[in-house]
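Chain by chain, the residues:
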Amino acid sequence: MKPEGKRLVWNEYQKEIANDNYFYVRSCVRQNFFPGAEKTFLRYMKDMGRNVFENPSHTTCSGIGYHSDIVPFETAMTMVARQFALMSEAGYENFVTSCITSFGLYSEVLETWEHFPAVEEKIRGHLRNATGREFVKPKNLAHASDVTFKLRKDISKAGKYRLINHITGNSIRVVEHIGCHYSRMFPNKGVGGAEYPYVLIGMIDEWGGEVIDYPERRHCCGFGFRQYLVKANRGYSVSSSKKKFDSMKPYKPELILTNCPGCPMFLDRWQYAISEMEGTTYGENGQGIPVMTYEELAGLILGYDPWDLGLQVHQVPVEPLLEKMGIPYDPAKKFLDINGNSMGKPKPPSAMKFY
Amino acid sequence: MEHSVIVIGGGVSGMTAAGMLAQQGFNVTLLEKEAETGGHAARWDRLFPDRKKASEVLDFIRKGMSRVKVITGITVVNITRNDKEFTVVTRGQVADGGSQMADIPHPASCILLATGYELFEARKKEEYGYGIYNNVITSAELEDKFRSGSPILTSEGKPPARIGIVHCVGSRDEKVGNLYCSKVCCVTGVKQAIELKEMYPASEVFNFYMDLRMFDRHFEELYYEAQQKWGVSFIRGRLSECAENPDGSIIVKTEDTLTGKPLKMTVDLLVLLTGFVPGRGMASISAMLGLTTGADGFTNSADSHTLNNSTEIPGIFLAGAVKGPVSISESIADARAAAIQIEVYLNSDKPGND
Amino acid sequence: MIDFGYTLTRDRQFDYDRGDLRYYRLVRSLEPSIDLCIGCGSCSATCSAAQFTNLNIRKLHTVIRRGDTTSIKAGLRKCMFCGKCQLVCPRGVNLRNLILALNRAIEQLG
């Protein structure tokens, strides 16, 4: 493998990411599966001295409905227009999304309006009639992982830990997984393009980890929406994740890093589901391969308490990785809530190790 | 005054036309930007369909060039027209002048543009991993290896047990902006498949194609021979992506369209048949002369049937791959046609021929 | 083991590295013209059995050359041995003999 070859590709896909003053919109589901993730993003943005603004009356972008064939495109565009209206009303012009599918939808909508200005005018009319609001298109659209990528050196400098096994001194082997909607539709809207995206690799490189390239790197985790929502189809989605796990196994990854809200949910939960359905586990000693989002990893690098990041609700235990990185954690506090009361303990899985 | 012809481009078509015109008694100067003439053909080992050595063809052409004045290592920086005469200004290093450059004007009664083509840059097809995965090479690099005479080995130093050849790299591809077919790559792929089987009879060779364009005499028979005599496998399906195994071998994914199923396999070596792209230098020359190019970027002649060596500008002629993908045998025929038309043009210009 | 209400879907991507080329090699030793096929489909187009069953003789012998042997037996049973395929093949593949060879392969290899 010639890494310089990849570097040439990355140089061709450079992206404009705003430096400060972001209007932040949340993901529908991320906080359900990863309760600490978005909170951590806001925390380290503040620690890095950046201003991030949220309007609590913002809604879903409706991407989840649009991609399930439930919400028609015109409705989705109007919902997006309202989000933009909230942004311009608050006096912001840099739009940052938490969800990758959102990012994909916002990009798609902006691109549609650029090629079909008549459609944009129509949506303005819809929004005006429905809510009385006017909107201004954002000057800069980025995903929260883009912003974290931009700040990766600052995070590294302020960081207390690195992606290095502190006992052996070796870099942690990381598989990076980019959400499908990040750059596949518009490769020049993603850092590094679509074939060799750089947004997560940049973070891993900067924080000391070793990136693994494996044959099914490009494969979708299976989330999709439209097929997954029906339970009988779920096996099809799980099989996609399984194809990835089987492919990355010989490369012995120690961590999977993702930037989409759905992907880590899949890659984390399905290791458990597959272990219960088939008895197969991945990773060392039946521990599974821990899965994290970039917010959680940035939080760990910066020395935030692992339980504040929400790592206790991951189904693949993160403790082995914390131990490798030399990050202290209090096992006794794992299942205590914010007030110190017990949250109850989950039933241990039958095939995977439980901490 | 003696008529002079300037031929820009020292490849197969340029040299053929220059030699023929010089033999007919004209004063011919050949300008070539590289240090040596020969163009791309100098890089090939054996030519389709009969597998003769490329050097044989170049030797034949060069034998006819004794009267041609050849200037290498220069670039054309300006061409101006004054009534029926042209001046071509070249820029090159001053002999024994170190890095000093000098501009030299060359007068001409007419100019033959035989500037040829360039090969598509394989790294633009990012999904094939050229320049990233060690065992992905181009067909031109494979010819280099054949010419060197040493056995072809993988980057791990082993003879390949399974080789994949990919057709249509950089051609017929909207994503890289080249919608046209480069014509000669398919027969090159079949030829190289046979050559690889000759070198390693026990190996498996797979050609991944969309269509097989066996357009000229003996080409279809070459395809037949590849299948029947050598056991080359042809899989109709365009490669979607490559990945690398821990041992350096390449995993390819394609659809086996003839069975309707997605297929994946490991190959030890992957050869990319890169197509033709217009030469970069022609853009400035076209601008200087006011020539037109097609949507594919190659230069247009005055008429593709009847005036295929002329342009709209009297005295400016075209030969060879500057007009688009072409084989060596066609290029030679085209160059000879251009030479005859130049001769007719120059003779019609002689004083007393009103 | 827990039943979550769904099952894993089989990977239908054909892995050439795991194919079974024994059938192909045996057939080729008995009828070398199998290698001449260009996939034009003339044989399947004229096939008598294909008018009433899902036998696709072009696909069947292509699939064997890839090492995918799952569908041979069921397909071959439908062939009437009428010889129309061989009549039209532009490459001169001896299809009747190929089918006989396939039968032999199934007998020998199971």
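Please read all numbers here as calculations on a predicted model, not as lab measurements.

Colleague: Any chance you could break down the overall build of chain A for me, citing the residues and the numbers?
Modeller: The helix and strand inventory of chain A stands at 15 helices and eight strands. The C-alpha atoms of chain A give a radius of gyration of 20 Å, which matches the 20 Å a tight globule of 355 residues would have. Considered along the principal axes of its C-alpha atoms, chain A spans approximately 60 × 50 × 45 Å. The buried share among the 355 residues of chain A stands at 48%.

Colleague: Requested: an account of the overall build of chain B, with residues and values cited.
Modeller: Of the regular secondary structure elements, chain B holds seven helices and 20 strands. At 22 Å, chain B has a C-alpha radius of gyration in line with the 20 Å of a compact globule built from 354 residues. Oriented by its inertia axes, the alpha-carbon framework of chain B measures out at about 70 × 50 × 35 Å. The buried share of chain B, reckoned over its 354 residues, is 47%. Within chain B, residue pairs in contact and separated by at least 24 positions form 65% of the contacts whose partners lie at least 6 positions apart.

Colleague: Which residues make up the nonpolar core, and what are the values?
Modeller: Membership of the largest hydrophobic core comes to 102 residues, with the highest contact counts inside it found for B:Ala17 and B:Leu112. Counting only domains with at least three residues in this core, you end up with domain 1 (4–116 + 279–348) and domain 2 (119–276) of chain B. Excluding its chain neighbours within four sequence positions, the residues that come into contact with B:Leu112 are B:Val5, B:Val7, B:Ala17, B:Phe317, B:Ala319, B:Ala338 and B:Ile342. In this structure, A:Met45, A:Met87, A:Leu151 and A:Leu300 belong to the second largest nonpolar core, which totals 91 residues.

Colleague: Describe the pairing of strand 9 (residues 110–113) of chain B, and please don't skip the residues or the numbers.
Modeller: All names here are of chain B. Neither face of strand 9 is exposed, since Cys110 and Leu112 on one face and Ile111 and Leu113 on the opposite face are all buried. Note: strand 1 (residues 4–8) against strand 9, four bridges, orientation parallel. Within strand 9, the position partnered with Val7 by the bridge is Leu112. Bridging between strand 9 and strand 20 (residues 316–318) involves three bridges; their strand directions are parallel. Paired with Leu112 across the two strands is Phe317, which belongs to strand 20.

Colleague: Could you give me a rundown of the interface of chain C and chain A, with the residues and numbers involved?
Modeller: At the junction of the two partners, chain C supplies nine residues and chain A supplies 12 residues. Split by residue class, the side of chain C that touches chain A holds five nonpolar, three polar and one charged.

Colleague: Go over the sheet that holds strand 7 (residues 85–93) of chain B with me, naming the residues and quoting the values.
Modeller: Residue and element names in this part refer to chain B. Ordered by their spatial adjacency, three strands build an open sheet running 6-7-8, and the pairing between neighbours is antiparallel. Looking at which strands have only one partner, the edges of the open sheet turn out to be strand 6 (74–82) and strand 8 (101–108). The average angle at which neighbouring strand axes cross in this sheet is 20 degrees, direction not considered.

Colleague: Break down the sheet that holds strand 18 (residues 269–274) of chain B for me, citing the residues and quoting the values.
Modeller: Residues and elements named next belong to chain B. With respect to topology, five strands assemble into an open sheet ordered 11-18-12-13-14, the strand pairing being parallel. Every interior strand has two partners, whereas the edge strands, strand 11 (136–138) and strand 14 (233–236), have only one. With strand direction ignored, the average angle separating the axes of adjacent strands in the sheet is 25 degrees. Taken together, the five bridges between strand 12 (residues 162–169) and strand 13 (residues 204–209) define a ladder with parallel strand orientation. Among the inter-strand pairings, Ile165 is bridged to a residue of strand 13, identified as Asn207.

Colleague: Which residues make up the packing of helix 5 (residues 73–89) of chain A against helix 6 (residues 100–115) of chain A, and what values do they have?
Modeller: Residue and element names in this part refer to chain A. Two elements in contact, helix 5 and helix 6, have axes separated by 10 Å at closest approach and are oriented at 100 degrees. Regarding the angle of helix 5 to helix 6, the classification is roughly perpendicular. Of helix 6, the residues touching helix 5 (which contributes Ala76, Met77 and Val80) are Leu105, Tyr106 and Val109. Tallied by class, residues from the contact of helix 5 with helix 6 come to six nonpolar, no polar and no charged.

Colleague: Any chance you could break down the environment of B:Ala41 for me, citing the residues and the numbers?
Modeller: Residue and element names in this part refer to chain B. Take Ala41: it is sitting in the loop between strand 2 (27–32) and strand 3 (46–47). Its 20 C-beta neighbours within 10 Å are what place Ala41 among the buried residues. Distance from Ala41 to Val12, taken between C-alpha atoms, is 7.1 Å for residues 29 residues apart in sequence. Contact partners of Ala41, with chain neighbours within four places excluded, come to Gly11, Val12, Ala54, Val57, Leu58 and Ile328.

Colleague: Any chance you could break down the pairing of strand 15 (residues 241–244) of chain B for me, citing the residues and the numbers?
Modeller: Residue and element names in this part refer to chain B. Bridge count for strand 15 against strand 16 (residues 250–256) is four bridges, and the pairing is antiparallel. Within the sheet, the bridge partner assigned to Cys242 lies in strand 16 and is Val252. The loop that links strand 15 with its antiparallel partner strand 16 comprises five residues; one of these, Gly248, has a positive phi angle of about 90 degrees.

Colleague: Please provide a residue-by-residue account of the interface of chain C and chain B, values included.
Modeller: By a widespread convention, an interface's size corresponds to the accessible area lost as its parts come together. At the interface, 13 residues of chain C touch 13 residues of chain B. Breaking the side of chain C that touches chain B down by element, the ones donating at least two residues are strand 1 (14–15) and helix 3 (57–66) of chain C. No other element matches helix 3 of chain C, which puts four residues into the side of chain C that touches chain B.

Colleague: Run through the domain arrangement of chain A, naming residues and quoting values.
Modeller: Residues and elements named next belong to chain A. When the domains of chain A are assigned, the result is domain 1 (17–144) and domain 2 (145–333). On a C-alpha basis, the centroid separation for the pair domain 1 and domain 2 is 25 Å. Opposite the 31 residues of domain 1 that make contact, domain 2 presents 33 residues. Of all the secondary structure elements, the ones that give two or more residues to the side of domain 1 that touches domain 2 are helix 2 (30–33), helix 3 (37–47), helix 6 and strand 4 (140–143). Considering every element that reaches the side of domain 1 that touches domain 2, the biggest residue donor is helix 6, with seven residues. Of the residues assigned to the side of domain 1 that touches domain 2, the class counts are 17 nonpolar, nine polar and five charged.

Rules and cut-offs
- Residues numbered from 1 in each chain as written.
- Chains lettered and ligands numbered in written order.
- Predicted model: local features only at pLDDT ≥ 70, side-chain atom pairs only at ≥ 80, totals over all residues.
- Helix = DSSP H or I, 4+ residues; strand = E, 2+ residues; numbered from the N terminus.
- Rg over C-alpha atoms; globule rule 2.2 N^0.38 Å.
- Buried ≥ 20, exposed ≤ 12 C-beta atoms within 10 Å, placed from the backbone.
- Contact = placed C-beta atoms within 7 Å.
- Core = buried A, V, L, I, M, F, W, Y, C linked by C-beta atoms within 7 Å.
- Domains from an automatic or database assignment.
- Pairing = 2+ DSSP bridges.
- Nonpolar A, V, L, I, M, F, W, Y, C, P; charged D, E, K, R; others polar.
- Axes fitted to C-alpha atoms, helices over the stretch in contact; angles between N-to-C directions.
- Parallel < 35°, antiparallel > 145°, perpendicular 65-115°, else oblique.

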